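Listed here are the chains, written in short residue letters.
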Amino acid sequence: MKKLCMWKSLSTTRQLSHAPTTVLTTRRRTLSSSSSFDIKNVTKSNFESALKDLRGLLRDADFVAVDLEMTGVTSAPWRESFDYDRYDISYLKVKDSAEKFAVVQFGVCPFRWDSHKQSFIAHPHNFYIFPRQEIPGSNQSREFLCQTTSLDFLAKYQFDFNLCVREGISYLSRSQEKEALERISSIYMDESSDSVFGLSEDADFPLVRMADVLFAERMKNTIREWRDSLLSKGSSSSEIKQISTDPSQRFQMVFFKTRPGLALSDFTSRQLRVIKAVTKKHFKDLAYIRVAGEATSPQQLIVYTDSNDDRNLLMKEVKDGLRKDAEMKVESAVGFRHVIDLLSSKRKLIVGHNCFLDVAHMYSKFIGPLPSTAEDYVSSLQKLFPTIVDTKILLNANGVFRQTLNKNNTSLSRAFVSICPHIALGIKTSSLADRPCVEVEVQVDEKRSSNWNSGAKHEAGYDAFMTGCIFAQACNHLGIDFTLHVLGGDLVKETKLQNYINRLYLSWVSGNVIDLSSGKCTPDSSASSNLKSRYQDISFPSIILLWGLPSKLKAKEIRACIAQAFGPNSVSSVYHLDESAVFIQFSKPELVSKFLELKETLSRNSDPISVLHPLSNILNGENTHAATYDVYQQICSSSISKKLFADQAEAVGIKHKTVSSRAERGKKGNQVFDEETDVRMFDEKADDLMSSPYGCSETDRSAESFYLDEALASK
């Protein structure tokens, strides 16, 4: 799924971005040869073999294109990307999305340059992944959100949800694997074997039921009969086996590590606890053990030992075996993360399209919890994936590409058709300054073809293929000699690519670009002609957040009320987060504190002047809250996601009606204010505010006085 923005009406965005390909795929089928074949789909049934092949493909690749399909993008309407999002806010919104939604498909497409054929060989892989619980007893049940628009989109393009859930490859992140191994280590570190096998509690298992008492006595006799037959010198092994095997096959004679034993089967868990207690209490030369069985459930055994040393050695061997089995289960549960580890260890150039969210998902799902700040995240990411190219940056920064792309649309499917028509449409021409097209052959398993058509549209593997083709053609247009770099061994060192490496769109809406090498975030000046922001000059210190407003209050009405109080040019813009919350940007930063103080005063007073003040028209009594922009950052950093911003602020704990400079006032002169002093301060401040122009002209003040007189007269 390609993210045009993070953000606006997901279903509409994705339908528009991919709609051309729906038509073009049909055309491809008429142009392609009969050698077209499906993409390589990978599930848990063929994952091991696919992973083995992928190791070699990644080793030889010159770059690797990736793409992800998710269950959603935004957990609440106010978490969509806005023009008013500072770069740290944009990161927090991406972080929230990556933490809350699941990845259901992961596309990996290694590209290798073939110097003899002068073309790239692409190996598209489409991995179905599903985060099931693979480690018994770990309590690592996964939860994730779904957006109906996202699922609807996937369903429209024949996404196989049953295949994903039933056959999807599970995974553990590095932090989850570390936690699981530490838990195993703590369990088996105890020198007491009884604590590992749970024998200490079963030795004192209370026999309160008559059925338990009778069953315990019968088991004691059966076990004693078997043990005595072992010790009887006159009994042969066949006699022992006959004595110890009952018709129902609940006891079976076995040998465990050369020691004779009884395998227990078809007993209830309560009955097994009784047998444990009987063995522990009455038979010092017998050991009750649990070992890994052939099936998923463990096997229960009673084993004879000829001495205390032999018993201790047996318990140690069993404990070591159980620990090794538990560690092997954790290793097996790592699953799809092996692919991420490969991508990281090979240090290959990673290519994505508008891929900041994709990369955040890669970190959150397969590495560990996302850092709380963009700076810390970038620092950690660089250690894992040192070189990433965003093809959206590449296309938007180049004038020829922008001219080629119709109406400045750099969505993945449109870019693929415009820049790679020889692949998308089978047309052997290029509109990029008449440069020769880069040929791309596709190889799936042993099949190779230059006329390739995916059997399913808009899969992650196919989108990764399109992304890689765009990058290859863009590099060709920049004049990069692939053969030279293949011989040199590193495409990343190409000087013509340096302006595009590790620069990703943090937010396409605001045009913020983050440099992964330095952690700095800057507006994308090269894209200024493309980005049609209605708010070019945003000053965050001049912004307040107002929520709990009367419903359906329009921006122009809010602006008009504030203009009556602070002057006609006091407000630069008003921007709605949702139906009852807005950003208000003032023309001057000092108006922020004045507005918050006036709002607090009006909230505290109920005199006629306060009730009839112009701001009262936009304030919703006790429900209206106001805050500085930093409070917005605090709210966005919470993992809670309520649908309405007002409910979100309350859930986060923003209870003050006006979150203003109260803390700052307390810092001045290291003064501490009690409630009575604070109220008196606001009452005294009210007189000043009511009598001062606070930014208004005399004409505005006269108009306000006339308004108040008329209002009082109407009463």
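Whatever comes next refers back to the structure up there.
Predicted model only: the values in this text are computed from it and were never measured.

Enquirer: Explain the overall build of the chain residue by residue, including any values.
Expert: Regarding its fold elements, the chain presents 29 helices and 21 strands. Pairs at least 24 apart in sequence give 75% of the contacts found in the chain among residues at least 6 apart. Surface accessibility of the chain: about 32700 Å² in total, with carbon and sulfur atoms responsible for 49%.

Enquirer: For the nonpolar core, give the residues involved together with the corresponding values.
Expert: Phe106, Phe127, Phe336, Tyr377, Phe583 and Tyr632 are the most contacted members of the largest nonpolar core, which has 73 residues in total. Residue contributions to this core peak at seven residues, all from helix α14 (residues 356-366). Among the nonpolar cores identified, the runner-up in size contains 50 residues, and Ile393, Tyr462, Val492 and Tyr505 belong to it.

Enquirer: Lay out the sheet that holds strand β7 (residues 259-264) in plain terms, naming residues and giving numbers.
Expert: The sheet built from four strands is open, its strands ordered β6-β7-β9-β8 with antiparallel pairing. Only two strands of the sheet have a single partner each, and these edge strands are β6 (251-256) and β8 (286-291). Ignoring which end each strand starts from, the neighbouring axes of this sheet average 35 degrees apart. Where β7 and strand β9 (residues 299-304) come together, four bridges link them in antiparallel fashion. Counted as the bridge partner of Leu264 is Gln300 from β9. Packing of helix α11 (residues 269-282) onto the sheet brings it into contact with β7, β8 and β9, and relative to β8 it is tilted by some 145 degrees. Against the sheet, helix α12 (residues 308-333) contacts β6, β7, β8 and β9, and its axis sits at roughly 10 degrees relative to β8.

Enquirer: Could you give me a rundown of the packing of helix α6 (residues 174-188) against α12, with the residues and numbers involved?
Expert: Think of two packed helices as two axes; the pair is described by the angle between the axes and how far apart they sit. Interaxial distance between α6 and α12 falls to 10 Å at its minimum, and their mutual angle equals 170 degrees. Of the possible angle classes, the one that applies to α6 and α12 is roughly antiparallel. In contact with Glu177, Ala180, Leu181, Ile184, Ser185 and Tyr188 of α6, α12 contributes Lys319, Leu322, Arg323, Ala326, Glu327 and Val330. Looking at side-chain class alone, the contact of α6 with α12 contains seven nonpolar, one polar and four charged residues.

Enquirer: Account for the pairing of β9, naming residues and giving values.
Expert: Along β9, five of the six residues are buried, which leaves the element largely enclosed by surrounding structure. The pairing of β8 with β9 spans six bridges and is antiparallel. Bridging across to β9, Tyr288 finds its partner in Ile302.

Enquirer: So what about the state of the cysteines? Which residues, and what values?
Expert: Throughout the structure, instances matching the rule amount to zero disulfides. Its sulfur unpaired, Cys420 is 5.5 Å from the next cysteine sulfur, which belongs to Cys469. Looking at Cys420, the relative accessible area reads 0%, which means it is buried.

Enquirer: Outline the sheet that holds strand β15 (residues 512-515), listing residues and values.
Expert: An order of β14-β15-β16 is seen for the three strands of this open sheet, with the pairing classed as antiparallel. On the outer flanks of this sheet lie β14 (503-507) and β16 (521-523), each paired with one strand and no other. If you compare each strand with its neighbour and ignore which way they point, the axes differ by 40 degrees on average. Here β15 runs beside β16; their pairing, made up of three bridges, is antiparallel. Bridge pairing in β16 places Val513 opposite Thr522. Contacts between helix α3 (residues 87-100) and the sheet are confined to β14, β15 and β16, with β14 contributing the most and set at about 85 degrees to the helix.

Enquirer: Give a description of helix α18 (residues 412-419) that names residues and reports values.
Expert: The element α18 is extensively covered by neighbouring structure, given that six of its eight residues are classed as buried. Buried residues of α18: Leu412, Ser413, Ala415, Phe416, Val417 and Ile419, and no others.

Enquirer: Could you give me a rundown of the packing of aromatic side chains, with the residues and numbers involved?
Expert: Here the structure, examined in full by the defined rule, presents 38 aromatic pairs. Ring geometry for Tyr91 versus Tyr377: centroids 5.4 Å apart, planes at 35 degrees, classification tilted. Taken together, the residues Tyr91 in helix α3 and Tyr377 in helix α15 (residues 374-384) connect sequence positions 286 residues apart. Seen in terms of ring centroids, Phe356 and Tyr377 are 5.8 Å apart; in terms of plane orientation they differ by 75 degrees. Their pairing is edge-to-face. Residue Phe356 is located in helix α14, and its partner Tyr377 is located in helix α15; the two are separated by 21 residues in the primary sequence. Its relative accessible area of 3% is what places Phe356 among the buried residues. Judged by its relative accessible area of 0%, Tyr377 falls in the buried class.

Calculation notes
Residues numbered from 1 in each chain as written. Predicted model: local features only at pLDDT ≥ 70, side-chain atom pairs only at ≥ 80, totals over all residues. Heavy atoms only, no water. Helix = DSSP H or I, 4+ residues; strand = E, 2+ residues; numbered from the N terminus. Contact = heavy atoms within 4.5 Å. Areas by Shrake-Rupley, 256 points an atom, 1.4 Å probe, with all protein chains shown as cover. Core = buried A, V, L, I, M, F, W, Y, C linked by side-chain atoms within 4.5 Å. Buried < 20%, exposed > 50% of the residue type's maximum accessible area, 1.4 Å probe, protein only. Pairing = 2+ DSSP bridges. Axes fitted to C-alpha atoms, helices over the stretch in contact; angles between N-to-C directions. Parallel < 35°, antiparallel > 145°, perpendicular 65-115°, else oblique. Nonpolar A, V, L, I, M, F, W, Y, C, P; charged D, E, K, R; others polar. Disulfide = S-S within 2.5 Å. Phe/Tyr/Trp six-rings, centres within 6.5 Å; stacked < 30°, edge-to-face > 60°.

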